[in-house]
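In case you want the letters, here they are:
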Amino acid sequence: MIPTTSVFQFGLGPSNDNRISTNAAALHICLLCHTRQTDFLSRSPLLMLQLAIILSTALLAALIVVGFASWHNRRTGKAKILTSRAAPYTSLTYPILGSLQYFSGHWDFLRSATKEGTVSFHLARQQCIAVDVDKRQEFFSDSRPAFALAYAVMLGATPSMNRDFLMHMGFDITLGGRAVKFLAALLRNERVNASRHVLYQYAEESIGALEPITNPFDSIYRTVFRLTINTIAASSISANPAVCDALVKIFHELDRSGTPATILFPWFPWWERVRRFYLMKHFHDIMMVALAERRREGRDDEDPLQFLLDEGLSSLEITQFTLAALFAGIANTGVVAAYFLCDLASHPSYLALIRAEILSFIDSFHPDPTLPFSTRFHSITLDQWLNPSNLPLTHRCLKETLRLRIATPFHRLNDSGADMEFGGTVVPHGTILTFHSSFMHHNEAFYVDPMRWDPERFGVERAEDKGRPMAFAGWGLGKHQCLGQRLGKFEIFLITALAVCSYDMEVVEKDGTPMVEMPPVQLNDAVVSPPKRDVYLKLNARC
Ligand code: HEM
């Protein structure tokens, strides 16, 4: 990784967007003022104490006022809801702030709250409905509730629930509904297939450079980041690993900047919000350098930036689109690719079978083992990697890793401006509907011994996912199935093929001693995330 200062230097390139530049200038001034104040205050501890008391009193007063307002809203909202066919309120709630348990354990809360069926709850001013497992068909099949905005609210990515305000602030992550269209175009089979040789080369470089003891949730994640940047952002960025690493760093921090506080009180100028803005400015600057380079060098039809420019997106829209697309694609793929290698490494018999399957697949295209893998992959197309009959066990094992490791809440938002009928209940405007993948994936009624990694459950004899409808949600279901499924799978298969054919591997602690057991599956996080305890892979090159 390059040091943070380099990121900042890299970020000093000219910005084409006046709004961002002006805001950033203001931000610089604020930060300068803050530094001076700190010097002054450090010389007057008493004054600092007084200021701290005044500020915390003001904050407390503000919290009480807002808390009362939200409690009042809730009371009136609740009264209104109770007159209609609304989901009953959960008893798992605190006065004013609502169901704070949601933040400490998403799955624990949703499972307990829905024991009696679908229920309402609130998070400060935000009304929510926890949808129970029997209403999964309605949840996934209903195209009316908003998708991206729901995630933005529940992950603390936006400053307000109000759509007009979001637009005014330039936070339209959907680009007026066009973002999905652009992403779908960039993910088209022909496009990804045409650029596959570059992906082969980058993946081989990254996997060949892995340390003998590597944390896959860092190294494999960075490989996925580089491949995805090449497909949906800019080829000049993916060609430069140092710039990719700088972006990974910014991206990681952006990913962490949504906290319970920012979700509960989205209007408050939390430090995380200021930091998020600052990080986005750096991200934008890096995109601007790539954009200037693209314009200087002329057309390149394989570069995603060229496509976005041809579509007439402004520089700010390009940054917004890239960030939104990366958020949709990177975390899932990076974390799942790392987990997949760990699951294989901790099941040596499957590792050997998968290696044999992949080697025989590669041999059928190019049998010469003395050549580099990127050369042997040359004629293998995207379709051939993704055809389940070419790599049946690899597909089955990945499906099992997705089932076991994907534990995440799904969100939808009634942003229609009116009440909505949903599975026999009324969903008022502004309400978030929340559901959880573990209702199926980690439920004994759906899967035998669900906390065990066992790919045979998806074999033809057992076919546990066929026992009930909508039992597997690893790539989503119904109206919002994953748009990047093919790219995600391709990246994971490519990385897995290179890793298992190049190395013998085992799961170890940081010091290289064998890890007795993988850390428990994380059921309670807001998004798919790496294990809480670090996991490493010990790699021995195969001759
Ligand atoms: C292992 C990798 C991935 C997994 C497990 C995954 C999983 C999912 C799931 C479960 C959903 C549905 C969410 C819901 O219903 O609320 C979804 C939707 C989506 N995914 Fe993925 N995803 C992956 C990779 C990607 C990639 C690489 C991209 C693009 C670069 C992507 C873009 C999207 C988009 C745009 C949607 C929303 C589609 C819509 O609005 O209808 N995903 N994904």
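Within an unreviewed UniProt entry, the label attached to the protein reads Cytochrome P450 6A1, and the organism entered is Favolaschia claudopus. The annotation that UniProt attaches to the protein under Cofactor (unreviewed entry) is "heme".

### Considerations on the overall build of the protein
Secondary structure summary: the protein contains 24 helices and nine strands in total. Counted over contacts in the protein with a minimum sequence separation of 6, partners at least 24 positions apart contribute 75%.

### As for the UniProt feature "binding site: heme" (unreviewed entry) in the protein
Mapped onto the present numbering, the UniProt feature "binding site: heme" (unreviewed entry) falls on Cys-482. When you line up the elements, Cys-482 lands in the loop between helix H23 (438-441) and helix H24 (485-502).

### Focus on unusual backbone geometry
Of note, Asp-449 is a non-glycine position whose phi angle comes to about 45°, a positive value. With respect to the helices and strands, Asp-449 occurs in the loop between H23 and H24. Look at Asp-449 and you get exposed, because 9 C-beta atoms sit within 10 Å. Residue Ala-463 is not a glycine yet carries a positive backbone phi of 35°. One can find Ala-463 in the loop between H23 and H24.

### Re the pairing of strand E8 (residues 503-508)
By the alternation rule, side chains of E8 split into Tyr-503, Met-505 and Val-507, which are all buried, and Asp-504, Glu-506 and Val-508, of which none is buried. One ladder, built from six bridges, connects E8 with strand E9 (residues 536-541); its direction is antiparallel. Paired with Asp-504 across the bridge in E9 is Asn-540.

### Some points on the sheet that holds strand E3 (residues 213-214)
Read across the open sheet, the three strands follow the order E3-E9-E8; overall the sheet is antiparallel. Among the strands making up the open sheet, the edge pair consists of E3 and E8. Seen against the sheet, helix H18 (residues 315-345) touches E8 and E9 and runs at an angle of roughly 95° to E8.

### Focus on helix H5 (residues 106-113)
Restricting attention to buried positions, one finds in H5 the residues His-106, Trp-107, Phe-109, Leu-110 and Ala-113. With its buried residues spanning 165° around the axis, H5 presents them on a single face. Looking at the buried positions of H5, the neighbouring elements they touch are helix H4 (101-104), strand E1 (119-123), strand E2 (126-130), strand E4 (409-413), strand E7 (432-436) and H23.

### Regarding the packing of helix H19 (residues 348-363) against H24
H24 packs onto H19 with a crossing angle of 110° between their chain directions and a minimal axis gap of 9 Å. With respect to H24, the element H19 is oriented roughly perpendicular. Judged by residue contacts, Leu-351, Ile-354, Arg-355, Ile-358 and Leu-359 of H19 engage Ala-497, Val-500 and Cys-501 from H24. Residues of the contact of H19 with H24, tallied by class, amount to seven nonpolar, no polar and one charged.

### Some details on the nonpolar core
Core analysis: the largest hydrophobic core is formed by 131 residues, its most contacted members being Ala-203, Leu-247, Ala-337, Ala-338, Leu-341 and Ile-495. If you tally residues by element for this core, the top one is H18, at 20 residues. Among all residues touching Ala-203, those that are not within four sequence positions of it are Thr-223, Leu-227, Leu-494, Ile-495 and Leu-498.

### Side note on the packing of H18 against H24
It is the contact of H18 with H24, at a shortest axis distance of 10 Å, that shows an interaxial angle of 35°. The handedness of the crossing between H18 and H24 is right-handed. Together, Gly-329, Asn-332, Thr-333, Val-336, Ala-337, Phe-340, Leu-341 and Leu-344 of H18 and Gly-488, Glu-491, Ile-492, Ile-495, Thr-496, Ala-499 and Val-500 of H24 make up the contact between the two elements. Within the contact of H18 with H24, the residues separate by chemical class into nine nonpolar, five polar and one charged.

### Considerations on the sheet that holds E2
In spatial order, the strands read E1-E2-E7-E4; together these four strands make up an open sheet with mixed pairing. The open sheet has two edge strands, E1 and E4, and neither has a second partner. On average, adjacent strands in this sheet sit at an angle of 30° to one another, irrespective of strand direction. Here five bridges tie E1 to E2, and the two strands are oriented antiparallel to one another. Counted as the bridge partner of Phe-121 is Cys-128 from E2.

### Here we look at helix H12 (residues 216-232)
Compared with an ideal rise of 1.5 Å per residue, which puts 17 residues at 24 Å, H12 spans 23 Å between its outermost C-alpha atoms and is within 8% of the ideal. Taken across its 17 residues, H12 has 14 buried, putting it largely inside the fold.

### Details of the site of the ligand
Not every one of the 24 residues close to the ligand is listed here, only the nearest: Gly-329, Gly-476, Cys-482, Gly-484 and Gly-488. When residues of the shell around the ligand are traced back to their parent elements, those giving at least two are helix H9 (179-186), H12, H18 and H24. Ranked by residue count, the leading element in the shell around the ligand is H18, at six residues. In the shell around the ligand, the residues fall into 15 nonpolar, nine polar and no charged.

### A word on the pairing of E7
Put simply, side chains in a regular strand alternate between the two faces of the sheet. Across the five residues of E7, five count as buried, placing the element largely inside the fold. Side chains of E7 alternate between two faces, with Ile-432, Thr-434 and His-436 and Leu-433 and Phe-435 buried alike. Where E2 and E7 come together, three bridges link them in parallel fashion. Its bridge partner being in E7, Cys-128 is matched across the sheet by Ile-432.

### Topic: the environment of Arg-376
Among the structural elements, Arg-376 can be located in helix H20 (residues 373-376). Taking the C-alpha atoms as reference, Arg-376 lies 6.9 Å from Ile-362; in sequence the two are 14 residues apart. When neighbours within four sequence positions are excluded, Arg-376 is seen to be in contact with Ile-362, Phe-365, His-366 and Leu-371.

### A closer look at the confidence of the model for the protein
Confidence in the prediction of the protein, expressed as mean pLDDT, is 84, and 81% of residues score 70 or more. Contacts for the low-pLDDT stretch residues 1-43, under 50 throughout, to residues beyond four places or in other chains number 40 contacts. Scoring of the predicted complex yields 0.84 for pTM and 0.99 for ipTM.

Definitions and cut-offs
Residues numbered from 1 in each chain as written. Predicted model: local features only at pLDDT ≥ 70, side-chain atom pairs only at ≥ 80, totals over all residues. UniProt positions renumbered as here; feature names shortened; annotations may be inferred. Helix = DSSP H or I, 4+ residues; strand = E, 2+ residues; numbered from the N terminus. Contact = placed C-beta atoms within 7 Å. Buried ≥ 20, exposed ≤ 12 C-beta atoms within 10 Å, placed from the backbone. Pairing = 2+ DSSP bridges. Axes fitted to C-alpha atoms, helices over the stretch in contact; angles between N-to-C directions. Arc of directions from axis to C-beta. Parallel < 35°, antiparallel > 145°, perpendicular 65-115°, else oblique. Nonpolar A, V, L, I, M, F, W, Y, C, P; charged D, E, K, R; others polar. Core = buried A, V, L, I, M, F, W, Y, C linked by C-beta atoms within 7 Å. Left-handed = near helix turned anticlockwise from the far one by under 90°. Expected span 1.5 Å × (residues − 1). Near = placed C-beta within 6 Å. pLDDT = per-residue confidence, 0-100.

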